[in-house]
Amino acid sequence: MKKDIASYSAMAGRKLFTAGPVREIRSVLKAEGLGSAYMRTDDFRNYTKALCAKLQAVLETQNPVLLVACSGTGVMEMAVANTHPQMALVIGNGHFAHRWAEILDSHGFPCHVCADDTYAGVEEYYRHDGSKYTYDVVFGTFCESSTGRLLAEIPKISELVHRNKGVLVLDAVSGLVVNPLKTDEWGVDMVISCAQKGFGVAPGLSIISPSDRALALCRQRPCKSYYFDIARYVEDYQRGSTPYTPPVSLMHALDKSCDFILRLGDKYIRTCAKRTGELREQMKGLGFSITDEAHLGNCITEFSVPDAWLKAGISCDVIVSRLRGMGYETVPKDQKSFRVGNYNLFRAEEIRDFVSAVRTVLRSMERNFQAH
């Protein structure tokens, strides 16, 4: 094997300050390593029912939580295919808001995009640009992975959507678990998410949770997907099963993750917010700026270097590469910015160690530039 090809063990050994997948806690890793169980037994059906009840507690909902073997984008497409919008509205201006629009377009469903994701912006859109249309399905992004921006005022947006005879679908892939999401209280009609971010489980397992209002809409409309037909999942959910083979080891890992999250309760979110706050303050102390800080959630931060650093040859793509060489994986964006994730309750000393590594990288880049 060529020396420049990294081994999997080397890649897996890096500390994942990423937007997902993230570091798995010890109990989750142990659960993933237990191997497979046969899923068509009463024992496993009871196990599945118990897991789904825990997921309902995490989502703060009485709605069914359906397990789907796919990525987060898979359940995004499942939401689109089953709601079959006559005219959709997408809220947001980030990469994953655009993904909603791309999926809708691939199915031939018409949509408009409201780039301003504030309640005032959405209300203004309804009054003016969208005044001639009835948006029967509105798609939002709880936490935009490309920026870390959190969708605010969800209860007011939901009330607005319902008042205009629509249903609200929320992509909570990035924000769930590490930010408060009160599904029923806030009136969210359909939540989609996946295991590899806030839950801290390996990729491959996603969830979709539809309200009665959303299911009523889905039953009225044709779904042209065989695998993603939500009616099949709801029918099997009622007996503690899935229509197709589930990733059983990931289910066990998700079960252990839910135990950990529910045991900590609100402390989980508070601790994540505290650690991310510490990360942001320490990185600002090094000279980085933060994009849209007032509207960020608890999990992702985009850091930018000053223009003077760029002129001096200190760019974020090089910072990311050198951090990788030191055992830290972050998320590259461009020369000006990079993203850092905190999903899995890094300890205070781990945050300090990461920032210390960034400081070391900056000093080495300064010395290299001065030497030339």
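Residues numbered from 1 in each chain as written. Predicted model: local features only at pLDDT ≥ 70, side-chain atom pairs only at ≥ 80, totals over all residues. Heavy atoms only, no water.

### What about the pairing of strand 6 (residues 167-171)?
For step 1, the next point in the chain: In terms of burial, strand 6 is largely enclosed, as five of its five residues are buried.
For step 2, the next point in the chain: Both faces of strand 6 are covered, namely the face carrying Val167, Val169 and Asp171 and the face carrying Leu168 and Leu170.
For step 3, the next point in the chain: With five bridges connecting them, strand 5 (residues 137-141) and strand 6 associate as parallel partners. Bridge pairing links Thr141 to Asp171 in strand 6.
For step 4, the next point in the chain: Following the chain from strand 5 across helix 7 (residues 154-163) to the adjacent parallel strand 6, one finds a crossover that is right-handed. (Buried < 20%, exposed > 50% of the residue type's maximum accessible area, 1.4 Å probe, protein only. Helix = DSSP H or I, 4+ residues; strand = E, 2+ residues; numbered from the N terminus. Pairing = 2+ DSSP bridges. Right-handed = clockwise from strand over helix to strand, strands pointing away.)

### Details of the sheet that holds strand 12 (residues 331-332)
For step 1, the next point in the chain: In spatial order, the strands read 9-10-13-12; together these four strands make up an open sheet with antiparallel pairing. Both edges of this open sheet fall to strand 9 (289-290) and strand 12, since each of them pairs with a single strand only.
For step 2, the next point in the chain: As judged from the five bridges shared by strand 10 (residues 300-304) and strand 13 (residues 337-341), these two strands associate in the antiparallel manner. If you follow Glu302 over to strand 13, its bridge partner there is Arg339.

### Examining the packing of aromatic side chains
For step 1, the next point in the chain: Tallied over the entire structure, the rule returns 19 aromatic pairs.
For step 2, the next point in the chain: Residues Tyr226 and Tyr244 carry aromatic rings whose centres are separated by 6.0 Å and whose planes lie at 40 degrees to one another, so their mutual orientation is tilted. With Tyr226 in the loop between helix 9 (212-220) and helix 10 (230-237) and Tyr244 in the loop between helix 10 and helix 11 (248-264), this residue pair connects regions lying 18 residues apart in the sequence.
For step 3, the next point in the chain: Taking the relative accessible area as the measure of exposure, Tyr226 reaches 55% and is therefore exposed.
For step 4, the next point in the chain: Arranged with centres 5.3 Å apart and planes meeting at 75 degrees, the rings of Phe288 and Trp309 form a pair that is edge-to-face. Of this pair, Phe288 sits in the loop between helix 12 (266-286) and strand 9 while Trp309 sits in helix 13 (residues 307-311), and the two are 21 residues apart along the sequence.
For step 5, the next point in the chain: Accessibility expressed as a relative area gives 19% for Trp309, which makes it buried.
For step 6, the next point in the chain: Clustering of aromatic rings is evident, with ring pairs tying together Tyr226, Tyr227, Phe228, Tyr233 and Tyr244.
For step 7, the next point in the chain: A cation over a ring is seen here: Arg232 above Tyr226, with NZ or CZ 4.1 Å from the ring centre. (Phe/Tyr/Trp six-rings, centres within 6.5 Å; stacked < 30°, edge-to-face > 60°. Lys NZ or Arg CZ within 6 Å of the ring centre and 35° of its normal.)

### Some points on the packing of helix 11 against helix 12
For step 1, the next point in the chain: Running from N to C, helix 11 and helix 12 cross one another at 90 degrees; their axes reach a closest spacing of 5 Å. When the axes of helix 11 and helix 12 are compared, the pair comes out roughly perpendicular. From helix 11, Phe260, Ile261 and Leu264 reach across to helix 12, where they touch Asp266, Lys267 and Tyr268.
For step 2, the next point in the chain: When its residues are assigned to classes, the contact of helix 11 with helix 12 shows four nonpolar, no polar and two charged. (Axes fitted to C-alpha atoms, helices over the stretch in contact; angles between N-to-C directions. Parallel < 35°, antiparallel > 145°, perpendicular 65-115°, else oblique. Contact = heavy atoms within 4.5 Å. Nonpolar A, V, L, I, M, F, W, Y, C, P; charged D, E, K, R; others polar.)

### Thoughts on the nonpolar core
For step 1, the next point in the chain: Ranked by size, the top nonpolar core spans 60 residues in total, and within it Leu55, Leu67, Phe199 and Leu254 carry the most contacts.
For step 2, the next point in the chain: Looking at this core, the elements with two or more residues in it are helix 2 (26-32), helix 3 (42-59), strand 3 (88-91), helix 6 (119-127), helix 7, strand 6, helix 11 and helix 12.
For step 3, the next point in the chain: With 33 residues, the next largest nonpolar core counts Val90, Leu215, Tyr233 and Tyr244 among its residues. (Core = buried A, V, L, I, M, F, W, Y, C linked by side-chain atoms within 4.5 Å.)

### Observations regarding helix 10
For step 1, the next point in the chain: If you check which residues of helix 10 are buried, you get Ile230, Tyr233, Val234 and Asp236. In a view along the axis of helix 10, the buried residues occupy a sector of 170 degrees, so they form one face of it.
For step 2, the next point in the chain: Along its buried surface, helix 10 packs onto strand 2 (66-68), helix 4 (72-83), strand 7 (190-194), strand 8 (206-210) and helix 9.
For step 3, the next point in the chain: Measuring from the backbone nitrogen of Ala231 back to the side-chain oxygen at the start of helix 10 gives 3.1 Å, which picks out Asp229 as the cap. (Arc of directions from axis to C-beta. Polar contact = N/O pair within 3.5 Å; in protein donor to acceptor, adjacent residues only side chain to side chain.)

### Comments concerning the environment of Glu144
For step 1, the next point in the chain: Here Glu144 shows up in the loop between strand 5 and helix 7.
For step 2, the next point in the chain: Residues Glu144 and Ser174, spaced 30 residues apart in sequence, show a C-alpha to C-alpha distance of 7.0 Å.
For step 3, the next point in the chain: Those residues in contact with Glu144 that lie beyond four places of it in its chain are Gly94, His95, Phe96, Ala97 and Arg149.
For step 4, the next point in the chain: There is a polar contact of 3.2 Å between the side chain of Glu144 and the backbone nitrogen of His95.
For step 5, the next point in the chain: In terms of polar contacts, Glu144 uses its side chain to reach the backbone amide nitrogen of Ala97, at 3.4 Å.

So far we have only geometry, and geometry alone does not tell us how the molecule works.
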